[in-house]
Amino acid sequence: MLIPTAEPLSTEFDINYVWDYASKEEGLRSLYEKSKEAHWNAKTDPDWDIEVDPEAENTPDQTIPWYGTSHWNKLSEGDIRKLRHCAQAWSLSQFMHGEQGALMVAAQLVNCVPDIDAKFYAAQQAADEARHVEAYELYLSRKLEKQYPCNPELRTLLDQILVAKEWDIKYLGMQILVEGLALAAFGMQNQLTREPLIKDITSRIMGDEARHVAFGVLSLRDAYTEMSESELRLREEFAVEACYLMRDRLTPKVIWEEFGLPVAEMEELSDKSEMMRQFRTMLFSKIVPNVKRLGLLNDRLREQFGKLGILGFENAEPSA
Ligand SMILES: [Fe+2]
Ligand SMILES: [Fe+2]
């Protein structure tokens with residue numbers, strides 16, 4: 001399949017000049033200061049001399065949801081090695097594409113937020129996200145020598161955030177939902193991996209992402225208190241759809257196809273496995289408490305989150 005090197009997406013949203021340059025938001029300004037101090041260099045800070053065997057059991061095979069099933073047992077040792085390589089390249093590719101989305105949304109926020117402190121911080125975040133794309137690209141090209149295209153569900157989610165007209169929906173989509181999920185996913189990756197280079201890169205990225213979620217929470221703090229019922233409904237629907245897309249973006253259908261595995265059956269196996277159920281719900285552990293903190297978790301959204309099986313995190317520790 002030929003992948004285009006660039007692809008246009010039409011967007012339309014109002015941008016805001018700010019003529020009062022004095023800082024109004026102490027919290028945002030101090031986040032901006034922290035961010036300046038916390039920059040790292042993707043090219044020189046991680047130890048790129050570490051050798052990586054892409055086919056080694058860098059994360060335990062037991063975490064593959066269909067581990068131990070008849071499909072798994074049919075694989076030869078060589079197939080298993082190849083599968084580990086593909087699975088790792090697939091998930092890091094999705095992280096990289098998500099980081100590109102974050103880079104573009106941060107750049108949009110620089111334009112559209114009506115507040116100088118938020119413009120400053122969003123500019124710092126754009127630099128962070130560029131570094132994250134760079135780090136994943138380096139790891140994929142130098143160490144795994146393999147890369148996958150953006151998963152369709154992730155692409156849909158990124159498109160929805162990028163084309164949103166309302167700046168608060170861009171924040172909600174990227175800073176609260178996608179970044180919250182990324183923080184949980186990176187945390188799990190970090191706990192499970194035995195490969196020191198990706199562990200180091202992920203730890204560095206997580207430090208940055210925690211600030212990005214804090215940026216969203218601080219910026220949206222009072223956004224939802226004065227909103228009309230119809231405006232709130234739009235945000236709730238957006239959040240629910242985004243959560244479904246994030247839950248479903250986790251299935252590596254292309255890999256199953258690559259290995260000649262029956263996609264529909266694999267999907268069902270994954271869906272029903274206890275490992276996947278726990279994994280999927282864990283991904284929402286940061287999102288639900290933050291949505292609650294913003295005052296968006298009303299009875300309607302509670303019911304929807306209940307259907308998704310993620311309401312259990314309502315009283316979990318927020319991430320930022
Ligand atoms: Fe990032
Ligand atoms: Fe981020």
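Preceding this paragraph is the structure being described.
Report on the accompanying structure. Just so we're clear, the structure is a prediction, and the values are computed from it rather than from any experiment. For every chain, the first residue of the written sequence is number 1, and numbering continues from 1 along that sequence. Chain A is the first chain written and ligand 1 is the first ligand written, with later ones labelled in order. Where totals are concerned, whole chains, interfaces and linings use all residues; where local detail is concerned, this predicted model gives features only for residues with pLDDT of at least 70, and gives and counts side-chain atom pairs only at 80 or more. With hydrogens and water excluded, all non-hydrogen atoms of the structure serve as input to the side-chain values.

## Brief notes about the side chain of glutamate 129
For step 1, the next point in the chain: One can find glutamate 129 in helix H4 (residues 116–144).
For step 2, the next point in the chain: N or O atoms within 3.5 Å of each other form a polar contact, as long as, within protein, one can give a hydrogen and the other can take it, and as long as residues adjacent in sequence are counted only when both atoms are side-chain atoms. Side-chain polar atoms of glutamate 129 contact the side chain of histidine 212, separated by 3.0 Å.
For step 3, the next point in the chain: Residues in contact with glutamate 129, not counting those within four places in the same chain, are Glu99, Ala102, Leu103, Glu179, Glu209 and His212. Under the scheme used here, helices are H or I runs from DSSP no shorter than 4 residues and strands are E runs no shorter than 2 residues, and both carry numbers assigned from the N terminus. Residues are treated as being in contact if the distance between any of their heavy atoms lies within 4.5 Å.

## Details of the pattern of salt bridges
For step 1, the next point in the chain: A carboxyl oxygen of Asp or Glu within 4 Å of a side-chain nitrogen of Lys or Arg is what we treat as a salt bridge. Counted under the stated rule, the structure contains 25 salt bridges.
For step 2, the next point in the chain: One salt bridge connects arginine 81 with glutamate 55, and the closest N-O pair in it is separated by 3.1 Å. Highlighted residues: arginine 81 in helix H3 (residues 77–112) and glutamate 55 in the loop between helix H1 (26–38) and helix H2 (70–73), separated in sequence by 26 residues.
For step 3, the next point in the chain: The rule is simple: take the accessible area with a 1.4 Å probe, protein chains only, and divide by the maximum for that residue type; under 20% is buried, over 50% is exposed, in between is partly exposed. Overall, the relative accessible area of 26% leaves glutamate 55 in the partly exposed class.
For step 4, the next point in the chain: Notably, a salt bridge pairs arginine 155 with aspartate 159, separated by 2.8 Å at the nearest N-O pair. In this pair, arginine 155 and aspartate 159 are both assigned in helix H5 (residues 152–163), four residues apart and thus about one turn of the helix distant.
For step 5, the next point in the chain: For arginine 155, a relative accessible area of 28% gives the class partly exposed.
For step 6, the next point in the chain: Three or more residues joined by partner-sharing salt bridges are found here, namely Asp128, Arg131, Asp208 and Arg211.

## Quick look at the coordination of the iron ion (ligand 1)
For step 1, the next point in the chain: Here the term donor refers to an N, O or S atom within 2.8 Å of the metal (or 3.2 Å for Na, K and Ca), and because water is left out of the atoms, sites may appear incomplete. Within the first shell, the iron ion (ligand 1) binds the protein through Glu99 (OE), Glu129 (OE), His132 (ND1) and Glu209 (OE), at distances of 1.9 to 2.2 Å.
For step 2, the next point in the chain: Under the classification used here, a metal with four donors is tetrahedral if each angle lies between 85 and 135 degrees, square planar if opposite donors are over 155 degrees apart and the others between 65 and 115, a six-donor metal meeting that same test is octahedral, and anything else is irregular. Classification of the site at the iron ion (ligand 1) rests on its four donor atoms, whose angles at the metal span 88 to 143°, yielding the label irregular.
For step 3, the next point in the chain: Taken as an interatomic distance, the gap from the iron ion (ligand 1) to the iron ion (ligand 2) is 3.2 Å; glutamate 129 donates to each of them. Remark: glutamate 209 occurs in helix H7 (residues 196–220) and glutamate 129 occurs in helix H4; sequence separation between them is 80 residues. The burial state of glutamate 129 is the same as that of glutamate 209; both residues are buried.

## Regarding the coordination of the iron ion (ligand 2)
For step 1, the next point in the chain: Distances from the iron ion (ligand 2) to its protein donors, Glu129 (OE), Glu179 (OE), Glu179 (OE), Glu209 (OE) and His212 (ND1), fall within 1.9 to 2.5 Å.
For step 2, the next point in the chain: Positions of the donor residues of the iron ion (ligand 2) along the chain correspond to the pattern E-x49-E-x29-E-x2-H.
For step 3, the next point in the chain: Overall, the relative accessible area of 0% leaves glutamate 129 in the buried class.

## Some remarks on the packing of aromatic side chains
For step 1, the next point in the chain: Think of it this way: a Phe, Tyr or Trp ring, Trp meaning its six-membered ring, pairs with another when their centres are within 6.5 Å, and the plane angle makes it stacked under 30 degrees, edge-to-face over 60, tilted otherwise. Throughout the structure, instances matching the rule amount to 10 aromatic pairs.
For step 2, the next point in the chain: Here tryptophan 66 and tryptophan 72 contribute two aromatic rings whose centre-to-centre distance is 5.7 Å and whose plane-to-plane angle is 70°, an arrangement assigned as edge-to-face.
For step 3, the next point in the chain: Residues tyrosine 121 and phenylalanine 215 carry aromatic rings whose centres are separated by 4.6 Å and whose planes lie at 50° to one another, so their mutual orientation is tilted. Remark: phenylalanine 215 occurs in helix H7 and tyrosine 121 occurs in helix H4; sequence separation between them is 94 residues. Taken as a pair, tyrosine 121 and phenylalanine 215 share a single burial class, namely buried.
For step 4, the next point in the chain: These aromatic residues form a ring-pair network of at least three members: Tyr121, Trp167, Tyr171 and Phe215.
For step 5, the next point in the chain: Lysine and arginine charges are scored as sitting over a ring when NZ or CZ, respectively, is within 6 Å of the ring centre and within 35 degrees of the ring normal. One Lys or Arg, arginine 142, reaches over the ring of tryptophan 48 and ends 5.4 Å from the middle of that ring.

## Quick word on H1
For step 1, the next point in the chain: Under the convention used throughout, the expected extent of a helix is 1.5 Å for every residue step, that is, one less than its residue count. The end-to-end C-alpha separation of H1 is 18 Å, in line with the 18 Å expected for 13 residues at 1.5 Å each.
For step 2, the next point in the chain: Looking at H1, one finds that the buried residues are Leu28, Leu31, Tyr32 and Ser35. Within H1, the buried residues cover an arc of 105° as seen down the axis, which keeps them to one side. The exposed residues of H1 that point more than 90 degrees off its buried face are Glu26, Lys34 and Glu37. Our arc is simply the arc of the directions from the helix axis toward the C-beta atoms.

Take it as geometry only, folks, not as evidence of what the structure does.
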